[in-house]
Amino acid sequence: MEFELLHIVLAVIVTAVVVFAIGFPLGISYRKKFSEKEISSAEEEARRIINEAIKSAESKQREALLEAKEEILRNRSEYEKEVKAQKADLQKQERRLQQKEENIDRKTENIEKKEEALAQKHADLEREEEEIRTIKRSQTEMLERISGFTADEAKAYLISQVESEVTHETAMKIKEIESRMKEESDQRAKEIIATAIQRCAADHAAEITVSVVPLPNDEMKGRIIGREGRNIRTIETLTGVDLIIDDTPEAITVSCFEPVRREIARVALEKLIADGRIHPTHIEEMVEKARREVDAVIKSEGERAAFETGVRGLHPEVQKMLGRLHYRTSYGQNVLQHSIEVSHIAGLMAAELGADVTAAKRAGLLHDIGKALDHEFEGTHISLGVEFCRKYKEKEDILHAIQAHHGDVECRTLVACLVQAADAISAARPGARRENLENYIKRLEKLEEITGSYPGVEKSYAIQAGREVRVMVKPEQVSEDQMVILARELAKRIEAELEYPGQIKVHVLRETKVVEYAK
(Lines give C-alpha, C1' and ligand atoms only; values in the text may rest on other atoms or scores of the structure.)
Protein backbone atom coordinates (compact mmCIF):
# COMPACT_ATOMS: atom_id res chain seq x y z
CA MET A 1 0.00 0.00 0.00
CA GLU A 2 2.80 2.43 0.83
CA PHE A 3 4.42 1.60 -2.48
CA GLU A 4 1.23 2.46 -4.39
CA LEU A 5 0.88 5.75 -2.48
CA LEU A 6 4.43 6.69 -3.31
CA HIS A 7 3.78 5.86 -6.93
CA ILE A 8 0.78 8.21 -7.02
CA VAL A 9 2.78 11.06 -5.46
CA LEU A 10 5.53 10.64 -8.00
CA ALA A 11 2.99 10.71 -10.79
CA VAL A 12 1.61 14.02 -9.50
CA ILE A 13 5.07 15.51 -9.28
CA VAL A 14 5.94 14.39 -12.79
CA THR A 15 2.69 15.88 -14.06
CA ALA A 16 3.49 19.20 -12.43
CA VAL A 17 6.93 19.28 -13.91
CA VAL A 18 5.55 18.61 -17.36
CA VAL A 19 2.96 21.33 -17.05
CA PHE A 20 5.61 23.73 -15.88
CA ALA A 21 7.80 22.93 -18.77
CA ILE A 22 5.03 23.44 -21.29
CA GLY A 23 3.82 26.74 -19.93
CA PHE A 24 7.23 28.28 -19.45
CA PRO A 25 7.49 29.81 -22.95
CA LEU A 26 4.16 31.73 -22.69
CA GLY A 27 5.55 34.01 -20.25
CA ILE A 28 6.43 34.03 -16.79
CA SER A 29 3.32 35.84 -15.71
CA TYR A 30 1.01 33.86 -17.75
CA ARG A 31 2.86 30.89 -16.82
CA LYS A 32 2.82 31.93 -13.26
CA LYS A 33 -0.96 32.34 -13.22
CA PHE A 34 -1.46 29.31 -15.23
CA SER A 35 0.99 27.39 -13.16
CA GLU A 36 -0.59 28.55 -9.98
CA LYS A 37 -3.94 27.42 -11.33
CA GLU A 38 -2.46 24.22 -12.52
CA ILE A 39 -0.63 23.81 -9.31
CA SER A 40 -3.74 24.35 -7.32
CA SER A 41 -5.66 21.97 -9.51
CA ALA A 42 -2.78 19.59 -9.40
CA GLU A 43 -2.61 19.89 -5.69
CA GLU A 44 -6.30 19.19 -5.49
CA GLU A 45 -5.88 16.28 -7.85
CA ALA A 46 -2.94 15.15 -5.85
CA ARG A 47 -4.87 15.43 -2.65
CA ARG A 48 -7.73 13.57 -4.28
CA ILE A 49 -5.39 10.93 -5.57
CA ILE A 50 -3.64 10.74 -2.24
CA ASN A 51 -6.94 10.41 -0.46
CA GLU A 52 -8.08 7.72 -2.88
CA ALA A 53 -4.75 6.03 -2.53
CA ILE A 54 -5.02 6.21 1.21
CA LYS A 55 -8.52 4.82 1.06
CA SER A 56 -7.47 2.12 -1.36
CA ALA A 57 -4.47 1.28 0.77
CA GLU A 58 -6.62 1.11 3.87
CA SER A 59 -9.15 -1.13 2.14
CA LYS A 60 -6.37 -3.37 0.84
CA GLN A 61 -4.79 -3.36 4.24
CA ARG A 62 -8.08 -4.47 5.72
CA GLU A 63 -8.39 -7.15 3.06
CA ALA A 64 -4.84 -8.29 3.73
CA LEU A 65 -5.53 -8.40 7.42
CA LEU A 66 -8.66 -10.44 6.80
CA GLU A 67 -6.79 -12.82 4.53
CA ALA A 68 -4.02 -13.12 7.10
CA LYS A 69 -6.53 -13.80 9.82
CA GLU A 70 -8.23 -16.42 7.63
CA GLU A 71 -4.86 -18.00 6.84
CA ILE A 72 -3.97 -18.01 10.52
CA LEU A 73 -7.32 -19.57 11.38
CA ARG A 74 -6.89 -22.17 8.62
CA ASN A 75 -3.34 -22.99 9.72
CA ARG A 76 -4.47 -23.13 13.34
CA SER A 77 -7.26 -25.56 12.47
CA GLU A 78 -4.88 -27.75 10.47
CA TYR A 79 -2.36 -27.68 13.28
CA GLU A 80 -5.03 -28.58 15.77
CA LYS A 81 -6.05 -31.49 13.52
CA GLU A 82 -2.45 -32.69 13.30
CA VAL A 83 -2.06 -32.34 17.07
CA LYS A 84 -5.25 -34.29 17.59
CA ALA A 85 -4.05 -37.00 15.18
CA GLN A 86 -0.66 -37.22 16.92
CA LYS A 87 -2.38 -37.36 20.27
CA ALA A 88 -4.60 -40.13 18.97
CA ASP A 89 -1.51 -42.07 17.70
CA LEU A 90 0.23 -41.55 21.00
CA GLN A 91 -2.81 -42.79 22.83
CA LYS A 92 -2.89 -45.88 20.58
CA GLN A 93 0.84 -46.52 21.18
CA GLU A 94 0.33 -46.04 24.90
CA ARG A 95 -2.51 -48.53 24.84
CA ARG A 96 -0.36 -51.03 22.86
CA LEU A 97 2.57 -50.57 25.24
CA GLN A 98 0.25 -51.02 28.15
CA GLN A 99 -1.09 -54.23 26.60
CA LYS A 100 2.49 -55.46 25.98
CA GLU A 101 3.46 -54.68 29.55
CA GLU A 102 0.41 -56.56 30.74
CA ASN A 103 1.34 -59.54 28.49
CA ILE A 104 4.94 -59.46 29.76
CA ASP A 105 3.70 -59.37 33.31
CA ARG A 106 1.46 -62.39 32.63
CA LYS A 107 4.34 -64.27 30.94
CA THR A 108 6.66 -63.42 33.79
CA GLU A 109 4.12 -64.75 36.23
CA ASN A 110 3.76 -67.93 34.14
CA ILE A 111 7.58 -68.37 33.97
CA GLU A 112 7.85 -67.92 37.70
CA LYS A 113 5.13 -70.50 38.19
CA LYS A 114 6.93 -72.90 35.80
CA GLU A 115 10.25 -72.33 37.59
CA GLU A 116 8.58 -73.12 40.85
CA ALA A 117 7.06 -76.27 39.31
CA LEU A 118 10.46 -77.29 37.85
CA ALA A 119 12.17 -76.71 41.15
CA GLN A 120 9.54 -78.87 42.76
CA LYS A 121 10.03 -81.59 40.11
CA HIS A 122 13.82 -81.38 40.51
CA ALA A 123 13.46 -81.82 44.23
CA ASP A 124 11.08 -84.76 43.64
CA LEU A 125 13.60 -86.30 41.18
CA GLU A 126 16.44 -85.93 43.66
CA ARG A 127 14.32 -87.63 46.27
CA GLU A 128 13.44 -90.41 43.81
CA GLU A 129 17.11 -90.84 42.78
CA GLU A 130 18.10 -91.09 46.39
CA GLU A 131 15.38 -93.69 46.90
CA ILE A 132 16.61 -95.57 43.78
CA ARG A 133 20.20 -95.52 45.04
CA THR A 134 19.02 -96.76 48.40
CA ILE A 135 17.00 -99.54 46.77
CA LYS A 136 19.94 -100.41 44.45
CA ARG A 137 22.31 -100.61 47.40
CA SER A 138 19.88 -102.80 49.29
CA GLN A 139 19.35 -105.03 46.23
CA THR A 140 23.10 -105.25 45.62
CA GLU A 141 23.64 -106.21 49.24
CA MET A 142 20.84 -108.74 48.96
CA LEU A 143 22.32 -110.17 45.71
CA GLU A 144 25.77 -110.33 47.29
CA ARG A 145 24.30 -112.20 50.25
CA ILE A 146 22.35 -114.57 48.01
CA SER A 147 25.10 -115.21 45.42
CA GLY A 148 28.05 -115.06 47.79
CA PHE A 149 29.82 -112.65 45.31
CA THR A 150 30.85 -109.09 45.87
CA ALA A 151 30.15 -106.54 43.14
CA ASP A 152 33.76 -106.75 41.83
CA GLU A 153 33.63 -110.53 41.86
CA ALA A 154 30.32 -110.47 39.99
CA LYS A 155 31.83 -108.11 37.39
CA ALA A 156 34.83 -110.42 36.99
CA TYR A 157 32.48 -113.38 36.62
CA LEU A 158 30.42 -111.60 33.96
CA ILE A 159 33.59 -110.55 32.11
CA SER A 160 34.86 -114.13 32.13
CA GLN A 161 31.50 -115.30 30.81
CA VAL A 162 31.61 -112.72 28.03
CA GLU A 163 35.19 -113.71 27.17
CA SER A 164 34.14 -117.33 27.04
CA GLU A 165 31.25 -116.50 24.73
CA VAL A 166 33.49 -114.35 22.50
CA THR A 167 36.06 -117.14 22.36
CA HIS A 168 33.35 -119.58 21.43
CA GLU A 169 31.99 -117.26 18.74
CA THR A 170 35.51 -116.67 17.39
CA ALA A 171 36.23 -120.39 17.23
CA MET A 172 32.90 -121.08 15.54
CA LYS A 173 33.52 -118.29 13.04
CA ILE A 174 36.99 -119.63 12.27
CA LYS A 175 35.57 -123.11 11.77
CA GLU A 176 32.81 -121.78 9.56
CA ILE A 177 35.21 -119.75 7.39
CA GLU A 178 37.69 -122.59 7.12
CA SER A 179 34.95 -125.04 6.25
CA ARG A 180 33.53 -122.77 3.57
CA MET A 181 36.96 -122.05 2.12
CA LYS A 182 37.84 -125.73 2.07
CA GLU A 183 34.58 -126.66 0.42
CA GLU A 184 35.11 -124.07 -2.29
CA SER A 185 38.84 -124.45 -2.91
CA ASP A 186 40.07 -127.88 -1.82
CA GLN A 187 38.60 -129.84 -4.69
CA ARG A 188 39.75 -127.37 -7.33
CA ALA A 189 43.22 -127.02 -5.82
CA LYS A 190 43.63 -130.78 -5.60
CA GLU A 191 42.65 -131.20 -9.21
CA ILE A 192 45.04 -128.51 -10.43
CA ILE A 193 47.99 -129.67 -8.30
CA ALA A 194 47.44 -133.35 -9.09
CA THR A 195 47.24 -132.64 -12.79
CA ALA A 196 50.39 -130.49 -12.67
CA ILE A 197 52.40 -133.07 -10.70
CA GLN A 198 51.25 -135.94 -12.92
CA ARG A 199 52.26 -134.08 -16.05
CA CYS A 200 55.64 -133.11 -14.55
CA ALA A 201 57.72 -136.31 -14.41
CA ALA A 202 60.47 -135.40 -11.93
CA ASP A 203 62.91 -137.62 -10.07
CA HIS A 204 61.85 -138.63 -6.57
CA ALA A 205 65.31 -139.20 -5.14
CA ALA A 206 67.36 -136.61 -3.37
CA GLU A 207 70.65 -135.72 -5.01
CA ILE A 208 73.67 -136.14 -2.79
CA THR A 209 76.67 -133.99 -3.61
CA VAL A 210 79.85 -135.30 -2.03
CA SER A 211 83.15 -133.64 -2.99
CA VAL A 212 85.37 -136.69 -2.64
CA VAL A 213 88.16 -137.40 -5.11
CA PRO A 214 89.09 -141.13 -5.42
CA LEU A 215 92.80 -142.06 -5.55
CA PRO A 216 94.37 -145.06 -7.32
CA ASN A 217 96.49 -145.77 -4.23
CA ASP A 218 97.57 -144.17 -0.96
CA GLU A 219 100.95 -143.25 -2.45
CA MET A 220 99.16 -140.58 -4.48
CA LYS A 221 98.37 -138.69 -1.25
CA GLY A 222 102.07 -137.96 -0.74
CA ARG A 223 102.51 -136.83 -4.32
CA ILE A 224 99.52 -134.48 -3.98
CA ILE A 225 100.97 -133.04 -0.78
CA GLY A 226 104.38 -132.61 -2.45
CA ARG A 227 107.72 -131.70 -1.00
CA GLU A 228 107.13 -129.61 2.14
CA GLY A 229 103.47 -129.34 1.11
CA ARG A 230 104.07 -127.09 -1.91
CA ASN A 231 101.67 -128.98 -4.21
CA ILE A 232 98.70 -128.92 -1.82
CA ARG A 233 99.36 -125.24 -1.02
CA THR A 234 99.38 -124.43 -4.73
CA ILE A 235 96.08 -126.26 -5.27
CA GLU A 236 94.45 -124.56 -2.28
CA THR A 237 95.75 -121.14 -3.30
CA LEU A 238 94.61 -121.40 -6.93
CA THR A 239 91.18 -122.90 -6.25
CA GLY A 240 90.29 -121.41 -2.84
CA VAL A 241 89.42 -124.79 -1.29
CA ASP A 242 90.69 -126.87 1.60
CA LEU A 243 92.02 -130.34 0.84
CA ILE A 244 91.43 -132.78 3.71
CA ILE A 245 93.84 -135.70 3.54
CA ASP A 246 93.18 -138.09 6.42
CA ASP A 247 93.22 -141.81 7.07
CA THR A 248 90.38 -142.45 4.63
CA PRO A 249 91.83 -145.03 2.23
CA GLU A 250 92.31 -143.97 -1.39
CA ALA A 251 90.26 -140.75 -1.11
CA ILE A 252 90.73 -137.00 -0.62
CA THR A 253 87.93 -134.71 0.60
CA VAL A 254 87.55 -131.27 -1.00
CA SER A 255 86.04 -128.72 1.44
CA CYS A 256 84.69 -125.33 0.36
CA PHE A 257 81.49 -123.40 1.04
CA GLU A 258 81.34 -122.24 -2.60
CA PRO A 259 80.27 -125.19 -4.82
CA VAL A 260 81.75 -123.89 -8.09
CA ARG A 261 85.23 -123.53 -6.63
CA ARG A 262 84.85 -126.96 -5.05
CA GLU A 263 83.94 -128.43 -8.46
CA ILE A 264 86.91 -126.74 -10.15
CA ALA A 265 89.24 -128.24 -7.53
CA ARG A 266 87.67 -131.69 -7.93
CA VAL A 267 88.02 -131.65 -11.74
CA ALA A 268 91.60 -130.35 -11.52
CA LEU A 269 92.56 -133.09 -9.03
CA GLU A 270 91.05 -135.79 -11.23
CA LYS A 271 93.03 -134.49 -14.22
CA LEU A 272 96.25 -134.32 -12.21
CA ILE A 273 95.78 -137.86 -10.89
CA ALA A 274 95.03 -139.18 -14.40
CA ASP A 275 98.03 -137.36 -15.88
CA GLY A 276 100.40 -138.36 -13.08
CA ARG A 277 102.49 -135.18 -13.29
CA ILE A 278 101.94 -133.19 -10.13
CA HIS A 279 103.99 -130.04 -9.65
CA PRO A 280 103.08 -126.32 -9.25
CA THR A 281 103.37 -125.38 -12.93
CA HIS A 282 101.31 -128.31 -14.13
CA ILE A 283 98.81 -127.75 -11.28
CA GLU A 284 98.26 -124.18 -12.50
CA GLU A 285 97.61 -125.42 -16.04
CA MET A 286 95.17 -128.09 -14.87
CA VAL A 287 93.30 -125.67 -12.62
CA GLU A 288 92.89 -123.20 -15.49
CA LYS A 289 91.73 -126.00 -17.77
CA ALA A 290 89.28 -127.24 -15.12
CA ARG A 291 87.97 -123.70 -14.68
CA ARG A 292 87.28 -123.44 -18.41
CA GLU A 293 85.52 -126.80 -18.38
CA VAL A 294 83.37 -125.85 -15.40
CA ASP A 295 82.48 -122.53 -17.05
CA ALA A 296 81.49 -124.43 -20.16
CA VAL A 297 79.34 -126.77 -18.07
CA ILE A 298 77.76 -123.79 -16.32
CA LYS A 299 76.93 -122.17 -19.64
CA SER A 300 75.54 -125.38 -21.13
CA GLU A 301 73.46 -126.11 -17.99
CA GLY A 302 71.96 -122.60 -18.10
CA GLU A 303 71.09 -123.02 -21.77
CA ARG A 304 69.67 -126.48 -21.07
CA ALA A 305 67.45 -125.13 -18.30
CA ALA A 306 66.11 -122.34 -20.54
CA PHE A 307 65.55 -124.77 -23.42
CA GLU A 308 63.93 -127.42 -21.26
CA THR A 309 61.45 -124.96 -19.71
CA GLY A 310 60.85 -123.05 -22.94
CA VAL A 311 61.83 -119.69 -21.40
CA ARG A 312 63.10 -117.34 -24.10
CA GLY A 313 64.89 -114.01 -24.14
CA LEU A 314 67.06 -114.58 -21.06
CA HIS A 315 70.19 -112.43 -20.84
CA PRO A 316 73.41 -114.48 -21.25
CA GLU A 317 74.54 -113.50 -17.76
CA VAL A 318 71.20 -114.69 -16.35
CA GLN A 319 71.62 -118.01 -18.14
CA LYS A 320 75.16 -118.31 -16.77
CA MET A 321 73.94 -117.62 -13.26
CA LEU A 322 71.27 -120.29 -13.71
CA GLY A 323 74.00 -122.72 -14.74
CA ARG A 324 75.83 -122.05 -11.47
CA LEU A 325 72.80 -123.47 -9.65
CA HIS A 326 73.79 -126.86 -11.11
CA TYR A 327 76.44 -127.03 -8.39
CA ARG A 328 74.18 -125.66 -5.62
CA THR A 329 72.08 -127.88 -3.36
CA SER A 330 69.43 -127.11 -0.73
CA TYR A 331 68.79 -129.88 1.81
CA GLY A 332 70.35 -132.26 -0.71
CA GLN A 333 68.09 -131.13 -3.58
CA ASN A 334 69.83 -129.79 -6.69
CA VAL A 335 68.69 -126.15 -6.97
CA LEU A 336 68.78 -126.04 -10.79
CA GLN A 337 66.65 -129.16 -11.09
CA HIS A 338 64.36 -127.74 -8.41
CA SER A 339 64.03 -124.48 -10.40
CA ILE A 340 63.23 -126.37 -13.60
CA GLU A 341 60.64 -128.43 -11.74
CA VAL A 342 59.05 -125.31 -10.22
CA SER A 343 58.92 -123.73 -13.67
CA HIS A 344 57.11 -126.76 -15.12
CA ILE A 345 54.64 -127.03 -12.22
CA ALA A 346 53.87 -123.29 -12.20
CA GLY A 347 53.35 -123.31 -15.97
CA LEU A 348 51.01 -126.30 -15.81
CA MET A 349 48.94 -124.77 -13.01
CA ALA A 350 48.79 -121.46 -14.90
CA ALA A 351 47.51 -123.32 -17.96
CA GLU A 352 44.82 -124.98 -15.84
CA LEU A 353 43.74 -121.61 -14.41
CA GLY A 354 43.97 -119.67 -17.66
CA ALA A 355 46.80 -117.45 -16.36
CA ASP A 356 49.97 -116.26 -18.14
CA VAL A 357 51.90 -119.51 -18.71
CA THR A 358 55.02 -117.78 -20.05
CA ALA A 359 55.33 -115.47 -17.04
CA ALA A 360 54.68 -118.33 -14.60
CA LYS A 361 57.39 -120.53 -16.15
CA ARG A 362 59.87 -117.65 -16.32
CA ALA A 363 59.28 -116.66 -12.68
CA GLY A 364 59.46 -120.30 -11.57
CA LEU A 365 62.81 -120.78 -13.31
CA LEU A 366 64.32 -117.59 -11.84
CA HIS A 367 62.82 -117.72 -8.33
CA ASP A 368 65.95 -119.21 -6.65
CA ILE A 369 68.62 -117.57 -8.82
CA GLY A 370 69.85 -115.62 -5.80
CA LYS A 371 71.21 -118.88 -4.33
CA ALA A 372 74.01 -118.70 -6.91
CA LEU A 373 75.06 -115.37 -5.34
CA ASP A 374 74.52 -115.81 -1.61
CA HIS A 375 78.05 -117.23 -1.11
CA GLU A 376 79.62 -114.07 -2.57
CA PHE A 377 77.40 -111.17 -1.44
CA GLU A 378 75.58 -110.08 1.71
CA GLY A 379 71.85 -110.65 1.85
CA THR A 380 69.21 -113.33 1.44
CA HIS A 381 68.89 -115.26 -1.78
CA ILE A 382 65.55 -113.50 -2.37
CA SER A 383 66.92 -109.95 -2.20
CA LEU A 384 70.02 -110.91 -4.19
CA GLY A 385 67.91 -112.60 -6.86
CA VAL A 386 65.59 -109.60 -7.17
CA GLU A 387 68.49 -107.15 -7.53
CA PHE A 388 70.30 -109.38 -10.03
CA CYS A 389 67.21 -109.82 -12.23
CA ARG A 390 66.36 -106.11 -12.01
CA LYS A 391 69.89 -105.36 -13.24
CA TYR A 392 69.17 -107.35 -16.41
CA LYS A 393 65.77 -105.71 -17.06
CA GLU A 394 63.37 -108.42 -15.91
CA LYS A 395 59.74 -107.26 -15.63
CA GLU A 396 58.22 -106.16 -12.36
CA ASP A 397 55.74 -109.07 -12.18
CA ILE A 398 58.66 -111.53 -12.42
CA LEU A 399 60.58 -109.62 -9.74
CA HIS A 400 57.51 -109.62 -7.49
CA ALA A 401 57.08 -113.39 -7.91
CA ILE A 402 60.75 -113.91 -6.92
CA GLN A 403 60.32 -111.62 -3.92
CA ALA A 404 57.10 -113.29 -2.73
CA HIS A 405 57.89 -116.99 -3.24
CA HIS A 406 58.76 -117.49 0.46
CA GLY A 407 55.98 -115.24 1.78
CA ASP A 408 58.30 -112.35 2.72
CA VAL A 409 55.86 -110.02 0.97
CA GLU A 410 52.20 -110.57 0.20
CA CYS A 411 51.42 -112.00 -3.25
CA ARG A 412 49.76 -109.38 -5.45
CA THR A 413 49.53 -111.42 -8.67
CA LEU A 414 48.30 -114.87 -9.61
CA VAL A 415 51.73 -115.72 -11.06
CA ALA A 416 53.36 -115.03 -7.67
CA CYS A 417 50.85 -117.32 -5.93
CA LEU A 418 51.49 -120.08 -8.46
CA VAL A 419 55.28 -119.82 -8.07
CA GLN A 420 54.91 -119.93 -4.28
CA ALA A 421 52.72 -123.05 -4.50
CA ALA A 422 54.97 -124.74 -7.07
CA ASP A 423 58.04 -124.08 -4.91
CA ALA A 424 56.33 -125.69 -1.91
CA ILE A 425 55.19 -128.68 -3.98
CA SER A 426 58.67 -129.30 -5.41
CA ALA A 427 60.33 -129.00 -2.02
CA ALA A 428 57.77 -131.03 -0.08
CA ARG A 429 57.41 -134.07 -2.35
CA PRO A 430 58.78 -137.32 -0.88
CA GLY A 431 62.51 -137.75 -1.28
CA ALA A 432 63.09 -134.23 -2.57
CA ARG A 433 65.12 -132.89 0.35
CA ARG A 434 67.16 -134.13 3.24
CA GLU A 435 69.07 -132.52 6.09
CA ASN A 436 71.93 -133.65 8.27
CA LEU A 437 71.28 -135.38 11.56
CA GLU A 438 72.42 -132.50 13.76
CA ASN A 439 70.11 -129.94 12.11
CA TYR A 440 67.30 -132.47 12.08
CA ILE A 441 67.55 -133.10 15.84
CA LYS A 442 67.81 -129.38 16.59
CA ARG A 443 64.72 -128.68 14.51
CA LEU A 444 62.71 -131.35 16.32
CA GLU A 445 63.84 -130.05 19.72
CA LYS A 446 62.95 -126.48 18.76
CA LEU A 447 59.57 -127.64 17.46
CA GLU A 448 58.73 -129.38 20.75
CA GLU A 449 60.05 -126.40 22.72
CA ILE A 450 57.84 -123.91 20.86
CA THR A 451 54.68 -126.02 21.11
CA GLY A 452 55.29 -126.92 24.77
CA SER A 453 55.79 -123.31 25.91
CA TYR A 454 52.11 -122.28 25.76
CA PRO A 455 50.02 -122.29 28.96
CA GLY A 456 47.69 -125.25 29.22
CA VAL A 457 49.93 -127.52 27.12
CA GLU A 458 50.75 -130.74 28.95
CA LYS A 459 53.01 -132.50 26.43
CA SER A 460 54.06 -132.12 22.81
CA TYR A 461 55.60 -134.69 20.48
CA ALA A 462 57.25 -134.17 17.08
CA ILE A 463 56.44 -137.16 14.85
CA GLN A 464 56.56 -138.11 11.18
CA ALA A 465 60.18 -136.90 10.86
CA GLY A 466 59.19 -133.46 12.08
CA ARG A 467 56.35 -133.03 9.58
CA GLU A 468 53.71 -133.30 12.34
CA VAL A 469 53.56 -132.20 15.96
CA ARG A 470 50.98 -133.48 18.42
CA VAL A 471 50.12 -131.19 21.30
CA MET A 472 48.35 -132.59 24.36
CA VAL A 473 46.47 -129.92 26.34
CA LYS A 474 45.01 -129.95 29.83
CA PRO A 475 41.19 -130.15 29.53
CA GLU A 476 40.59 -128.09 32.67
CA GLN A 477 42.64 -125.17 31.29
CA VAL A 478 41.97 -125.28 27.53
CA SER A 479 38.40 -125.48 26.23
CA GLU A 480 37.37 -126.88 22.88
CA ASP A 481 36.94 -123.39 21.49
CA GLN A 482 40.36 -122.31 22.70
CA MET A 483 41.90 -125.35 20.96
CA VAL A 484 41.13 -123.83 17.56
CA ILE A 485 42.82 -120.54 18.45
CA LEU A 486 45.77 -122.35 20.06
CA ALA A 487 46.36 -124.42 16.90
CA ARG A 488 46.43 -121.29 14.73
CA GLU A 489 48.81 -119.47 17.10
CA LEU A 490 51.16 -122.46 17.19
CA ALA A 491 51.18 -122.72 13.38
CA LYS A 492 51.96 -119.00 13.01
CA ARG A 493 54.78 -119.14 15.55
CA ILE A 494 56.32 -122.21 13.91
CA GLU A 495 56.22 -120.41 10.54
CA ALA A 496 57.91 -117.37 12.07
CA GLU A 497 60.66 -119.08 14.10
CA LEU A 498 61.57 -122.31 12.26
CA GLU A 499 63.11 -123.13 8.90
CA TYR A 500 61.98 -126.47 7.52
CA PRO A 501 61.33 -128.19 4.19
CA GLY A 502 57.71 -128.73 3.22
CA GLN A 503 55.01 -128.17 5.83
CA ILE A 504 54.30 -129.15 9.44
CA LYS A 505 50.91 -130.38 10.64
CA VAL A 506 49.89 -129.05 14.08
CA HIS A 507 47.58 -131.53 15.82
CA VAL A 508 46.05 -130.33 19.13
CA LEU A 509 44.46 -133.05 21.29
CA ARG A 510 42.19 -132.61 24.32
CA GLU A 511 40.97 -135.63 26.27
CA THR A 512 38.78 -135.71 29.34
CA LYS A 513 38.77 -138.85 31.50
CA VAL A 514 36.55 -139.67 34.47
CA VAL A 515 37.55 -142.55 36.79
CA GLU A 516 35.36 -144.01 39.50
CA TYR A 517 35.69 -147.22 41.54
CA ALA A 518 32.84 -149.57 42.38
CA LYS A 519 33.32 -151.08 45.81
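Residues numbered from 1 in each chain as written. Predicted model: local features only at pLDDT ≥ 70, side-chain atom pairs only at ≥ 80, totals over all residues. Heavy atoms only, no water.

(A) Region of interest: the nonpolar core. Ranked by internal contacts, the top residues of the largest apolar core, which has 40 residues, are Leu314, Leu366 and Ile369. Sorting elements by how many residues they give to this core places helix α9 (residues 335-353) first, with eight residues. With near-sequence residues (within four places) excluded, Leu366 lies in contact with Leu314, Val318, Leu322, Cys389, Glu394, Ile398 and Ile402. Core analysis: the next-biggest nonpolar cluster, separate from the first, contains 27 residues, Ile232, Leu269, Val287 and Ala290 among them. (Core = buried A, V, L, I, M, F, W, Y, C linked by side-chain atoms within 4.5 Å. Buried < 20%, exposed > 50% of the residue type's maximum accessible area, 1.4 Å probe, protein only. Helix = DSSP H or I, 4+ residues; strand = E, 2+ residues; numbered from the N terminus. Contact = heavy atoms within 4.5 Å.)

(B) How the structure looks around the sheet that holds strand β6 (residues 457-463). As summarised here, the arrangement of the three strands in space is β6-β7-β8, forming an open sheet in which the pairing is mixed. For this open sheet the edge positions go to β6 and β8 (505-510), each flanked by a neighbour on one side alone. The mean inter-strand angle of the sheet, taken between neighbouring strand axes irrespective of direction, is 20°. Where strand β7 (residues 468-473) meets β8, six bridges bridge the pair, whose relative direction is parallel. Across the sheet, the residue bridging to Met472 is Leu509, located in β8. Contacts between helix α15 (residues 480-497) and the sheet are confined to β6, β7 and β8, with β8 contributing the most and set at about 155° to the helix. (Pairing = 2+ DSSP bridges. Axes fitted to C-alpha atoms, helices over the stretch in contact; angles between N-to-C directions.)

(C) Expanded view of the pairing of β7. Both β6 and β7 contribute to a ladder of six bridges, which runs antiparallel. Each residue of the ladder has a partner; that of Tyr461, found in β7, is Arg470.

(D) Expanded view of a negative patch on the surface. A cluster of like negative charges, contributed by Glu101, Glu102, Asp105, Glu109, Glu112, Glu115 and Glu116, occupies part of the molecular surface. Here Glu109 shows up in helix α2 (residues 28-147). (Patch = residues over 30% accessible without salt bridge, like charges linked within 9 Å, V, L, I, M, F, W, Y side chains within 5 Å. Areas by Shrake-Rupley, 256 points an atom, 1.4 Å probe, with all protein chains shown as cover. Salt bridge = Lys/Arg side-chain N within 4 Å of Asp/Glu carboxyl O. Lys, Arg positive; Asp, Glu negative; His and termini not counted. Charge placed at Lys NZ, Arg CZ, Asp CG, Glu CD.)

(E) Structural view of α9. Between its terminal C-alpha atoms α9 stretches 26 Å, which fits the 27 Å expected from 19 residues at 1.5 Å a residue. Among the 19 residues of α9, 14 are classified as buried, and the element is accordingly described as predominantly covered. The N-cap of α9, judged by a side-chain oxygen 3.0 Å from the amide nitrogen of Leu336 a few residues on, is Asn334. Immediately downstream of α9, the backbone of Gly354 shows phi near 75°, a positive value. (Expected span 1.5 Å × (residues − 1). Polar contact = N/O pair within 3.5 Å; in protein donor to acceptor, adjacent residues only side chain to side chain.)

(F) Just the packing of helix α7 (residues 280-309) against helix α8 (residues 316-324), in detail. Relative orientation of the contacting elements α7 and α8 amounts to 100°, with a least axis distance of 7 Å. Between α7 and α8, the angle is such that the two are roughly perpendicular. Residues Ile298, Glu301, Gly302, Glu303 and Ala306 of α7 lie in contact with α8, whose contacting residues are Gln319, Lys320, Leu322, Gly323 and Arg324. The residue makeup of the contact of α7 with α8, split by class, is three nonpolar, three polar and four charged. (Parallel < 35°, antiparallel > 145°, perpendicular 65-115°, else oblique. Nonpolar A, V, L, I, M, F, W, Y, C, P; charged D, E, K, R; others polar.)

(G) A look at the environment of Ile382. Secondary-structure assignment places Ile382 in helix α11 (residues 381-391). Taking the C-alpha atoms as reference, Ile382 lies 6.6 Å from Ile402; in sequence the two are 20 residues apart. The contacts of Ile382, once residues within four sequence positions are left out, are Ile402, Gln403, His405, His406 and Asp408.

(H) A look at the confidence of the model for the protein chain. Looking at the protein chain as a whole, its pLDDT mean stands at 80, while 83% of the residues score no less than 70. At the low end of the mean pLDDT range in the protein chain sits helix α1 (residues 2-23), at 61; at the high end sits helix α10 (residues 357-366), at 91. Contacts of residues 201-210 to residues separated by more than four positions or lying in other chains number 20 contacts, the stretch itself having pLDDT below 50. (pLDDT = per-residue confidence, 0-100.)

(I) View of the packing of α10 against helix α12 (residues 396-404). Viewed as axis vectors pointing N to C, α10 and α12 meet at an angle of 45°, and their least axial separation amounts to 9 Å. Considering the angle they form, α10 stands oblique to α12. Crossing angle aside, the handedness with which α10 passes α12 is right-handed. Residue-level contacts link Ala359, Arg362, Ala363 and Leu366 of α10 to Asp397, Ile398, Ala401 and Ile402 of α12. The class makeup of the residues in the contact of α10 with α12 is six nonpolar, no polar and two charged. (Left-handed = near helix turned anticlockwise from the far one by under 90°.)

(J) Structural context of the pattern of salt bridges. Scanning the model with the defined rule gives 18 salt bridges in all. Between Arg266 and Glu263 there is a salt bridge, with its nearest N and O atoms 2.5 Å apart. Highlighted residues: Arg266 and Glu263, both in helix α6 (residues 259-275), separated by three residues, approximately one helical turn. You'll find Arg266 and Glu263 in the same group, each marked buried. Salt bridges linked by common partners bring Glu130, Arg133 and Arg137 together as one network.

(K) Representation of the sheet that holds strand β1 (residues 212-214) in the model. One open sheet accounts for three strands, arranged β1-β3-β2; its pairing is antiparallel. At either end of the open sheet lies a strand with only one pairing partner, and these are β1 and β2 (242-244). Between one strand and the next, the sheet's axes are offset by a mean angle of 30°, whatever the strand orientation. The pairing of β2 with strand β3 (residues 251-255) spans three bridges and is classified as antiparallel. Residue pairing across strands places Asp242 opposite Ser255, the latter belonging to β3.

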